[in-house]
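Tertiary structure, described
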Amino acid sequence: MTQLTLAKAINAGLRRAMEQDPKVLLMGEDIGKLGGVFRVTDGLQKDFGDDRVIDTPLAESGIIGTALGLALRGFRPVCEIQFDGFVFPAFDQITTQVAKFRARSAGTVRMPMVIRIPSGGGIGAVEHHSESPEALFAHTAGLRVVSCSNPVDGYWMIQQAIRSDDPVIFFEPKRRYWEKAEVEVDGQAPRPFDRAAVVRPGTDLTLAAHGPMVRTCLDAANAAESEGRSIEVVDLRTISPLDVDTVAGSVGRTGRLVVVHEAPVFFGLGAELAAKVTERCFYRLEAPVLRVGGFHAPYPPSRVEEIYLPDLDRVLDAVDRAFAF
Amino acid sequence: MTGRRAVEKSTTPTPASGSTKRAPQGRRTRRTAGLEEEPEFIQLLTPTGERIDHPDYPLELSDEEARSLYRDMVLVRRVDAEGTALQRQGELGLWASLLGQEAAQIGSGRALRADDFAFPTYREHGVAWCKGVSPVNLLGMFRGVNNGGWDPFENNFNLYTIVIGSQTLHAVGYAMGVQRDGGDSAVIAYFGDGASSQGDVLEAFVFGASYNAPVVFFCQNNQWAISEPTSRQFRVPLYKRAAGFGFPGVRVDGNDVFACLAVTRAALEHARSGQGPMLIEAFTYRMGAHTTSDDPTRYRSSDEVESWRAKDPIVRLRAYLDREGRADDVFYKSVDDEADRLAAEIRSGCLALPDPDPLSMFEHSYADEHAQVTEERAFLAEYLAGFSEELS
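So, here is what we can say about the structure in this document. (Residues numbered from 1 in each chain as written. Chains lettered and ligands numbered in written order. Predicted model: local features only at pLDDT ≥ 70, side-chain atom pairs only at ≥ 80, totals over all residues.)

Things to note about the overall build of chain B
Put simply, the test is: Secondary structure elements follow DSSP: runs of H or I of four or more residues count as helices, runs of E of two or more count as strands, with numbering from the N terminus. To sort residues by exposure, count the other C-beta atoms lying within 10 Å of each residue's C-beta; 20 or more gives buried, 12 or fewer gives exposed, and values between give partly exposed, all with C-beta atoms placed from the backbone.
Check the secondary structure of chain B and you find 13 helices and nine strands. Counting every position in chain B, which comprises 392 residues, the buried fraction comes to 45%.

Re the sheet that holds strand S13 (residues 257-264) of chain A
Residues and elements named next belong to chain A. For the record, the criterion: Whether two strands pair depends on DSSP finding at least two bridges between them. In this analysis, axes come from line fits to C-alpha atoms, helices being fitted only over the stretch in contact, and the angle between any two N-to-C directions falls in the range 0 to 180 degrees. Note on contacts: residues are paired as contacts if their backbone-placed C-beta atoms lie within 7 Å.
Sheet architecture is open: five strands sit in the order S9-S11-S10-S13-S14, paired in mixed fashion. Looking at strand neighbours, the two that pair on one side only are strand S9 (197-200) and strand S14 (290-294), the edges of this open sheet. Shown here is a sheet whose adjacent strand axes are inclined to one another by a mean of 25°, direction ignored. Both S9 and strand S11 (residues 231-235) contribute to a ladder of three bridges, which runs antiparallel. Bridging from a neighbouring strand, Arg200 pairs with Val233 of S11. Contacts from helix H11 (residues 312-324) reach strand S10 (205-209), S11, S13 and S14, with the element oriented near 160° to S14.

Examining the interface of chain B and chain A
The condition that has to hold: Side-chain classes follow a simple rule in which Ala, Val, Leu, Ile, Met, Phe, Trp, Tyr, Cys and Pro form the nonpolar group, Asp, Glu, Lys and Arg form the charged group, and the remainder, Gly included, forms the polar group.
Taken together, the contact pairs 34 residues of chain B with 36 residues of chain A. Within the residue set of the side of chain B that touches chain A, elements represented by two or more residues are helix H5 (152-155), helix H6 (166-181), helix H7 (199-210) and helix H13 (371-391) of chain B. It is H6 of chain B that provides the largest number of residues to the side of chain B that touches chain A, a total of eleven residues. A class-by-class count of the residues in the side of chain B that touches chain A yields 15 nonpolar, 13 polar and six charged.

Quick word on the packing of helix H1 (residues 63-88) of chain B against helix H12 (residues 329-352) of chain B
All names here are of chain B. As a reminder, the rule being used: Handedness of a crossing follows from how the near helix is turned relative to the far one, being left-handed for an anticlockwise turn of less than a right angle and right-handed for a clockwise one.
Running from N to C, H1 and H12 cross one another at 35°; their axes reach a closest spacing of 9 Å. In this structure, H1 meets H12 at a crossing whose hand is right-handed. Packed against H1, whose contacting residues are Arg67, Tyr70, Arg71, Val74, Leu75, Arg78, Val79, Glu82 and Leu86, the element H12 presents Phe331, Val335, Glu338, Ala339, Leu342, Ala343, Ile346, Arg347 and Cys350 at the interface. Considered class by class, the residues forming the contact of H1 with H12 number twelve nonpolar, no polar and six charged.

What to know about the pairing of S11 of chain A
Residues and elements named next belong to chain A. Quick reminder of the rule: Note on handedness: a crossover is taken as right-handed if, strands pointing away from the viewer, the path from the first strand over the helix to the second is clockwise.
Within S11, five of the five residues are buried, leaving the element largely enclosed by the surrounding structure. Here S11 shows a buried face lined by Ile231, Val233 and Asp235 and a second buried face lined by Glu232 and Val234. Where S10 and S11 come together, five bridges link them in parallel fashion. Each bridged residue has a counterpart across the sheet, and for Ala208 the counterpart in S11 is Val234. With helix H7 (residues 212-225) bridging S10 and its parallel neighbour S11, the resulting β-α-β unit is right-handed.

Spelled out as structure tokens, the structure:
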């Protein structure tokens, strides 16, 4: 066991993937000598060379478009988009080219590409550095969308994403990069990367969240316990596919569901999960599925972002409403 | 003889003149001017079939090789005519004609080695022919039975790309892969004058130059991006852009198959030998509509089209073959007969293309099982099965 921050855990996962497969390449802006603006690729260029850890020109569409060509040639590119808000110049390449390539080729072409995106708010950043665009990618067939919430998952899920022959959008909760945990760096991944996990058992209500909000939900569950409420927390981990079985199984036990994410609630992951769980658990539900998330407003200036982002109080407010129904 | 010739004035934008001059209607000046100077290009075969030499692009062809370029161009023109006819008869939803661009496509396509990888747009039927892709397979996406239709690795010819300019980045990435694998394969990226305005194409230039990738950027400037003339896309000759990115650019007479072959060979050699990208602007003309859905009479004059007809790539090569006595009527007859047979094969092949099984839409979007796909495929299968029970 090694104690690692999330950033170091992903770094260790990248290193292990590169050691195991010479076709794995890293691409991105400032990922070489600098080690990335969050240092997630720290030291990798020094050890693997600039042919495998490629500093790119500042052009996101160019990064993804050339990564597609490298994937066609048999490489497994892992692209870093420096911040969530900068993925949009590459949105065209990701949705019209990367996502569809395998289907267009009737399965003759593999598209093993990972697109790492540090995402979410809470770090006091300037505009375009705090977005949560997961729903936009989940809406596109051909992509897998996953979100790690802790160092153990960061270490294993990045390796699983790289090993996948499908393109994977890999969200990293930037505000959690410095949170630590014990990571078992040898052996096998504890679970597949397309499954959710019950990370805290409970009997009265299910909180479902991913990435940065898992920690918030665990804190809320602990706070609610002192009020006599037993709350189960599901770390969704994968957004496309969405592991509805695990969530529905939890709701089957608790009868109540609150979905929490930083992204705007409107047309978001919570809406999809609410619809699916309502179909599966209609007679078991004690209350409507409630959602806690960002608002239908441009991400606000950082001095007020804590009002925009779900926090322990906003989650507990929704818990109260679910019980009051 | 230098071989660098200006094309006729009537077919090119006039030189930039007083840019503040108002149009008669009093609207703001339209920037129809654009080009700094008369187009010059590499030409080895004049419109009347006269062979000329160029010091930088020597080309020696046997009789057989010269005739085979003629054969290729006649056959792909026939493929194209059949595509248009099939669309008109309702057998294809759409067809994008290459008419007029045969020399640019056959010349560049025949310069490629088998291990060179080509990234086409959706109009490169001639390049596909050179790479060995069956013309019937090109029809699938236009008929609506698939979105691809061939294995890109079988002939090193990528699937057609419809989003304008996207494939230029794929080509550069593939070339970066070639660099890492070693060897001297090259990559060619096709695009058009309209695509030259796309950010992806310019990013491809940046990446290609930055990594010194073994890629040739081959622009068929056919003068029109649907209804928009080249003056809307660039104010300096396109090939000159290359200098700003740090690699050579050259303009070639795109209706001269010899020049297209020689210049593309040189550019591929440039890439193979580790000298990085090169941009070729093949100055040609889209004789037909943008696609079968387009009506070019709304935006361009028949005089312009006729002026380009006088530069026809096939007529020009035939004039040369006759002038030099390198082909006879037996040869021409055999090519025409072959074209007839090919057209018949394409027609029957098109009609035989099976409609896809509805459930096949789910089959290849993921390599590994994806729960959403599994659920929806099961739903649709059951839903469709309900109809067959009703029928029985």
